[in-house]
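# Commentary on secondary and tertiary structure
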Amino acid sequence: MSEKDKKNDPIEKDHITGVETTGHEWDGLKELNNPAPRWWLWIFIISVIWSIGYWIVYPAWPTLDGHTKGKYGWTQFQQLAEQQDEIMARKKVYLEDLNSMTFEEIIADPELYQFAVAGGKIAFKENCANCHGIDASGQGKYPNLNDDDWLWNGDLKGIYETIKFGIRSAHDDSRFSEMTAFGSEGVLSRSEISDVVDHVLSFTSEKEVGDAESLMNGAKIYKAQCASCHGDQGQGDSTIGSPDLADAIWLYGGDRDSVTHSVHFARNGTMPHWEGRISDEKIRQLTLFVHSLGGGE
Amino acid sequence: MNEKSDEDITYFEKQSHIYPQRVWGKYRKLKWVAMTVLLGIYYAVPWLRWDRGPSAPDQAVLIDMPNRRAYFFFIEIWPQEVYYLTAILIFAALMLFFVTSMFGRVWCGYACPQTVWTDLFVWVERLVQGDRNARMKLDRGKWGIKKIWKKTLTHTIWLFIGLCTGGAWVFYFNDAYALWDSIIHFDISWYIGGWILALTFSTYLMAGYAREQVCIYMCPYARFQSAMFDEDTLIIGYDEERGEKRGKHKKGTSWDDRGHCIDCKQCVNVCPMGIDIRDSLQMECIACGLCVDACNNIMDKVDLPRGLIRYDTLRHIEEGTTVGIKSFIRPRTIWYSFLLAILGIVVLYGLMNRSLLDLHVLHDRSPLFVKMSDGRIRNGYDIKIMNKTHEDRMYKLKIKGVDVLETKFRGAAHASTEALPVYADSVGQFKMFLFSGAQEEQRKNITFEITDVDGELTAEHETIFISRKKQ
């Protein structure tokens, strides 16, 4: 480099590497103007060339009234639809069988049964878990579906109908039965209710309940007012939705106060119907899932 | 010393092309033998058969990815038994350390795939383009028909070797005979084709281009092998005492007042790593012994004793003595052999006594338990029975630690605690409900035990029975 050139060259050079600096400086650190590595440059150039092909094939540039469409009219929506179609086609094989076969036939086919239960599990979480809980073990006044205590029929057909038509729902075919609110409607007096509660608790209570007189009176009232639905021994009747009073499970609580409350005001819990809201095959899948929880009859 | 000036500092070492020269001798012969044997093993092993009965493949060495099985002659490993593989790898690593501490880098010099394939590629190079000088001349020369032809031929053969390497690789993961049939009919999946191509190009790249760069910059073993070295480890050493002062020697002149090294640079020319062994032990040296052969040939020619460059220990080279059996027995090697013996016994014992039955039980988490209408408590379990035998088997289940009132198997009418059927070489899955009364403890530890109905195989798994909510 001649003397003249040096003067005309205002660019500072790093004294160790001899590389020009960019003139940028941060706290005494100066950026060197090293060229990008050649492999990097090549990849960059190849990427640029590649992108041109990309513009041709795919939607790329915005225009005044939209964007360039690409040579093959590819869109993300279309891709999504294709993928969904593919999944639906795969499901279709099972769904056809699911709709045409009886529950017993489905259970006898392990692959189809697995498909149905898996689909039912998802549908349960989407539609049912809000009340019955994520593990179907119920909460508050919503019954546990894992156990073998069924207010309405717990066999496959019964579960199917319950889900489809609901309980005390707006559906015409809804499961329906109504317990009298013996207290608030004035059918029984307070002491009569107390006596009949003593009698009901005596079905299951390990401790002595009430005295002989109240029990006798309670039994009489039970026979007249309750036995027609709940049975002589409190065994209930799941065809008409009357609960078993002699088992270990109390949906609304089995202590004296809770039972008294039930007799006084009646409970008459409700469940919405699902026909028309979810497809029949979903209801069938749900039925098999609920039945598979272990309590199904 | 020539101190590098500021101007000369570069940040990357440029790869200089190495043209290893042909050499004859003991170690070169050893290398040919090692290459033949190792490549032979690599290509032949997938074709070996090993009878395992009708329900398992009959390929002696097979890693069956889709079915999650690995077979090695009499050994069969399931994915959950990967600890066998871990133990074998640790054994192999210790073996490497042991051999290294005794004989130096014999792995690098003779057995490493990088060395073997590079050696093969250099051989091809020499076959087509001639020896060192011819190759250098060819590379310096202008491009012409001859050069293009020679280069093309070399690369074609390289790619063909790569293709064979990749082609043989996939046989280890599929039935070799069936796959061979599909390959020659071009009826293979993109998956297998992709592996063949990947191995083809990585072989081509590693053995054709990267070569010594792999050993110097990529291989971790080359970097930490010095930790296994001491003054009693066998290395390739240049006897400086005897060799210096080096210099050209005219036939018939006296050897007094000078070293035996005639500075012919044969040791440098044959080196596949491109180093000068006379600069003493270096990280780049893979201890292949080719310089020993080269130097011995020269020593024979000038009527001097062999061994100016030789396999020896640092101690002996310094003392001017030669290596003896005593060099091999020292605390380091004793420790390594001790560890190897222990680990070998453990691995062998584990493989000989490998259980053919395994049980896993998973307790339901939601819900933890269910109270039934008759007051009984129900817990759910997912049971997995691993039948590693090659026959269909029936198992009995015994539950210890809780009163069993009833058991129910979901979706498996044929199953009961008396008879749980599991197919040969597979996992049987069962969903079981266990009924019992309410327990004293909220969480009770119980044990599931299964027994082979007609055999004496048993397996146990601990689990829990939950019957009350936490207060």
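Quick caveat: nothing in here was measured; it's all calculated off a predicted structure.

### Let's talk about the packing of helix 2 (residues 82-103) of chain B against helix 15 (residues 331-352) of chain B
Residue and element names in this part refer to chain B. One way to put it is that helix 2 packs onto helix 15 with a least axis distance of 10 Å and a crossing angle of 160°. Considering their axes alone, helix 2 and helix 15 lie roughly antiparallel with respect to each other. Relative to helix 15, the crossing made by helix 2 is left-handed. The residues of helix 15 that touch helix 2, namely those facing Tyr-84, Ala-87, Ile-88, Ile-90, Phe-91, Leu-94, Met-95, Phe-97, Phe-98, Ser-101 and Met-102, are Arg-332, Thr-333, Tyr-336, Ser-337, Leu-339, Leu-340, Leu-343, Gly-344, Val-346, Val-347, Gly-350 and Leu-351. Of the residues contributing to the contact of helix 2 with helix 15, the split by class is 17 nonpolar, five polar and one charged.

### Quick notes on the nonpolar core
Across soluble globular proteins, nonpolar side chains have a tendency to be buried as a group. Ile-236, Cys-267, Ala-287, Leu-290, Cys-291 and Ile-309 of chain B are the most contacted members of the largest nonpolar core, which has 41 residues in total. Elements with a contribution of two residues or more to this core: helix 3 (106-111), helix 4 (113-129), helix 6 (145-171), helix 8 (190-210), helix 9 (212-218), strand 4 (234-238), helix 12 (266-270) and helix 13 (290-301) of chain B. In terms of residue count, helix 13 of chain B provides more of this core than any other element does, five residues in total. Split by domain, this core shows at least three residues from each of two domains, domain 1 (17-226) and domain 2 (230-323) of chain B. Excluding anything up to four places from it in sequence, Ile-236 of chain B contacts Ile-277, Cys-285, Ala-287, Gly-289, Cys-291, Val-292, Ile-309 and Tyr-311 of chain B. Counting 22 residues, the second largest nonpolar core, distinct from the first, contains Ile-106, Leu-145, Trp-274 and Ile-283 of chain A.

### As for unusual backbone geometry
Residue and element names in this part refer to chain B. The omega torsion of the bond from Glu-244 to Lys-245 falls at -10°, within 30 degrees of zero and hence cis. Inspection of the secondary structure assignment puts Lys-245 in the loop between helix 11 (240-243) and helix 12. Along the chain, Ser-366 connects to Pro-367 via a cis peptide bond; the corresponding omega equals 0°. By the secondary structure assignment, Pro-367 is in the loop between strand 6 (357-363) and strand 7 (370-371). Phi at Phe-186 is positive, roughly 55°, even though this residue is not glycine. Mapped onto the elements of the fold, Phe-186 is located in the loop between helix 7 (176-184) and helix 8. With a phi close to 70°, Ser-280 is a non-glycine residue in the positive phi region. Turning to its location among the elements, Ser-280 is positioned in the loop between helix 12 and helix 13.

### Some thoughts on the confidence of the model for chain B
Counting all residues, the mean pLDDT for chain B is 89, and 95% of those residues have values of 70 or more. The ipTM, which scores confidence in the relative placement of chains, is 0.75 for this predicted complex, and the corresponding pTM is 0.72.

### A word on the domain arrangement of chain B
Residue and element names in this part refer to chain B. Domain assignment breaks chain B into domain 1 (17-226), domain 2 (230-323) and domain 3 (357-466). Once you take the C-alpha centre of each, domain 1 and domain 3 turn out to be 49 Å apart. By residue class, the composition of the side of domain 1 that touches domain 3 is two nonpolar, two polar and one charged.

### Some remarks on the sheet that holds strand 3 (residues 75-77) of chain B
Residues and elements named next belong to chain B. With antiparallel pairing, the three strands of this open sheet are ordered in space as 1-2-3. Since the sheet does not close on itself, it has two edges, and those belong to strand 1 (61-64) and strand 3, each with one partner. Taken over all neighbouring pairs, the strand axes of this sheet differ in orientation by 10° on average, direction set aside. Pairing geometry for strand 2 (residues 69-72) and strand 3, over three bridges, is antiparallel. By the bridge assignment, Tyr-71 is partnered in strand 3 with Glu-76.

### Concerning the environment of Ala-87 of chain B
Residues and elements named next belong to chain B. You can see Ala-87 is positioned in helix 2. Residues Ala-87 and Gly-344, 257 residues apart in the sequence, show an inter-C-alpha distance of 8.9 Å. Non-local contacts of Ala-87, meaning those with residues more than four positions away in its chain, are made with Leu-343, Val-346, Val-347 and Gly-350.

### Considering the pairing of strand 5 (residues 309-313) of chain B
Residue and element names in this part refer to chain B. Taken across its five residues, strand 5 has four buried, putting it largely inside the fold. Alignment of strand 4 against strand 5, held across five bridges, turns out to be antiparallel. Its bridge partner lying in strand 5, Ile-235 is registered against Asp-312.

### What about the interface of chain B and chain A?
Residue-level contacts link 16 residues of chain B with 19 residues of chain A. If you list the elements that add at least two residues to the side of chain B that touches chain A, you get strand 7 and strand 8 (377-387) of chain B. Classifying every residue of the side of chain B that touches chain A by side-chain character gives five nonpolar, five polar and six charged.

### Notes on the domain arrangement of chain A
For chain A, the assigned domains are domain 1 (10-74), domain 2 (78-166 + 273-292) and domain 3 (190-265). Distance between the C-alpha centres of domain 1 of chain A and domain 2 of chain A: 55 Å.

### With respect to the sheet that holds strand 11 (residues 420-422) of chain B
Backbone hydrogen bonds hold the strands of a sheet together, and the pairing may be parallel or antiparallel. Residues and elements named next belong to chain B. Strand order in the open sheet formed by four strands is 11-9-13-14, and the pairing between neighbours is antiparallel. Across the chains shown, the open sheet's two edge strands, defined by having one partner strand only, are strand 11 and strand 14 (458-466). The mean inter-strand angle of the sheet, taken between neighbouring strand axes irrespective of direction, is 30°. Summarising the sheet, strand 9 (residues 393-400) and strand 11 pair through three bridges and their orientation is antiparallel. Counted as the bridge partner of Met-394 is Pro-421 from strand 11.

### A few points about helix 6 of chain B
All names here are of chain B. Counted at 1.5 Å a residue, the expected span for helix 6 with its 27 residues is 39 Å, and the 39 Å between its end C-alpha atoms agrees. All of the buried residues along helix 6 are Trp-158, Ile-161, Gly-162, Thr-165, Gly-166, Val-170 and Phe-171. Lining the buried residues of helix 6 we find helix 4, helix 7 and helix 8.

### Let's talk about the pairing of strand 13 (residues 443-452) of chain B
Residue and element names in this part refer to chain B. Here six bridges tie strand 9 to strand 13, and the two strands are oriented antiparallel to one another. Residue pairing across strands places Leu-397 opposite Ile-450, the latter belonging to strand 13. As paired strands, strand 13 and strand 14 are joined by nine bridges and run antiparallel to one another. The residue of strand 14 that forms the bridge with Phe-448 is His-461. In this structure, the hairpin formed by strand 13 and strand 14 is closed by a connection of five residues.

### Quick notes on the packing of helix 3 (residues 76-100) of chain A against helix 12 (residues 280-292) of chain A
Residues and elements named next belong to chain A. Following both chains from N to C, one finds helix 3 and helix 12 inclined at 80°, their axes separated by 10 Å at the closest point. Between helix 3 and helix 12, the angle falls in the class roughly perpendicular. Between helix 3 and helix 12, the contacting residues are Leu-95, Leu-98 and Asn-99 on the first element and Asp-280, Glu-281 and Arg-284 on the second. Residues of the contact of helix 3 with helix 12, tallied by class, amount to two nonpolar, one polar and three charged.

Cut-offs used in this document
- Residues numbered from 1 in each chain as written.
- Chains lettered and ligands numbered in written order.
- Predicted model: local features only at pLDDT ≥ 70, side-chain atom pairs only at ≥ 80, totals over all residues.
- Axes fitted to C-alpha atoms, helices over the stretch in contact; angles between N-to-C directions.
- Helix = DSSP H or I, 4+ residues; strand = E, 2+ residues; numbered from the N terminus.
- Parallel < 35°, antiparallel > 145°, perpendicular 65-115°, else oblique.
- Left-handed = near helix turned anticlockwise from the far one by under 90°.
- Contact = placed C-beta atoms within 7 Å.
- Nonpolar A, V, L, I, M, F, W, Y, C, P; charged D, E, K, R; others polar.
- Core = buried A, V, L, I, M, F, W, Y, C linked by C-beta atoms within 7 Å.
- Buried ≥ 20, exposed ≤ 12 C-beta atoms within 10 Å, placed from the backbone.
- Domains from an automatic or database assignment.
- pLDDT = per-residue confidence, 0-100.
- Pairing = 2+ DSSP bridges.
- Expected span 1.5 Å × (residues − 1).

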